[in-house]
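Structure at a glance
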Amino acid sequence: MIDRIASARMARALLLAVLASVTLSGCLSAKMYVDPKLPTVSKTDIPVVPTPQPVQVLFEFRTKGNANVKATTQMEPRILSVASASGLFSNVSTAAQANPVGTLKITIDNIPLTDNATAKGFGTGLTFGLAGSMVTDGYVYTAAYTRAGQTTETTVKHALYTTIGNHSAPMGLTAMQPLDAIDTAVDQMTWNALKQLADKHAFD
């Protein structure tokens, strides 16, 4: 009985040591890569609106369909920045306006595309990074612009790849710090969505 208790204690101690090594090991740094399929869009690609109108932006980030308040707060400034830089609006705000204005409702839903992503990451940790892993996150970006009772909607899809441990990079892609990769993806999706709405004459 004593031997069993001692063995259990040793097993727990070993597990804690492994987890500590996972946290401290430099081999387990995560690298992210932005999927290259989405077209590159900038202000020069956006049609000119003769008379830009003010807009109220309503943004929400979701994780597998559920509201993610922290991510919403982090990403909202980038959404507003791109909307302002686009030249499509005379004023961009999240606050309700005294006079009726256009409303731009945006949602980003993060849908993991790799099965058992958590288990893969845990397996990488237990091998101290020797067996690397890669997970893919999909993003569904929906933008709907409403003004004078008319709504125009568009959807943009994007993806990010994350490698953990000793896993090779996706072919031809450049590694980025996680926050930089996420910011880049959000900017790209916003520019593409605004261009698609403009091409549908939503802002005319």
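Provided above is the structure to which this section pertains.
Residues numbered from 1 in each chain as written. Predicted model: local features only at pLDDT ≥ 70, side-chain atom pairs only at ≥ 80, totals over all residues. Heavy atoms only, no water.

1. Some points on the overall build of the protein
The secondary structure content of the protein amounts to four helices and seven strands. Along the protein, helices and strands appear, N-terminal first, in the series α-β-β-β-α-β-β-α-β-β-α. Buried residues in the protein amount to 36% of all 204 residues. Partitioning the intrachain contacts of the protein with sequence separation of at least 6 by distance along the chain shows that 79% fall at a separation of at least 24. Summing over all exposed atoms, the protein offers an accessible surface of approximately 11700 Å²; the carbon and sulfur share of this is 58%. (Helix = DSSP H or I, 4+ residues; strand = E, 2+ residues; numbered from the N terminus. Buried < 20%, exposed > 50% of the residue type's maximum accessible area, 1.4 Å probe, protein only. Contact = heavy atoms within 4.5 Å. Areas by Shrake-Rupley, 256 points an atom, 1.4 Å probe, with all protein chains shown as cover.)

2. Quick look at helix α4 (residues 178-199)
Helix length check: α4, at 22 residues, gives a terminal C-alpha distance of 32 Å against a target of 32 Å (1.5 Å per residue), a fit within 8%. His201 lies just past α4 and shows a positive phi near 65°. (Expected span 1.5 Å × (residues − 1).)

3. Focus on the pattern of salt bridges
Scanning all chains against the criterion turns up five salt bridges. The partner of Asp183 in a salt bridge is Arg78, and the shortest N-O contact between them spans 3.5 Å. Of the two residues, Asp183 sits in helix α4 while Arg78 sits in helix α2 (residues 69-85), which places them 105 residues apart along the sequence. For Arg78, a relative accessible area of 29% puts it in the partly exposed group. The closest approach of N and O atoms between Asp199 and Lys195, which form a salt bridge, is 2.8 Å. In this pair, Asp199 and Lys195 both sit in helix α4, four residues apart, roughly one turn of the helix. What makes Lys195 partly exposed here is its relative accessible area of 24%. Taken together, the shared-partner salt bridges connect Arg78, Asp183 and Asp187 into one network. (Salt bridge = Lys/Arg side-chain N within 4 Å of Asp/Glu carboxyl O.)

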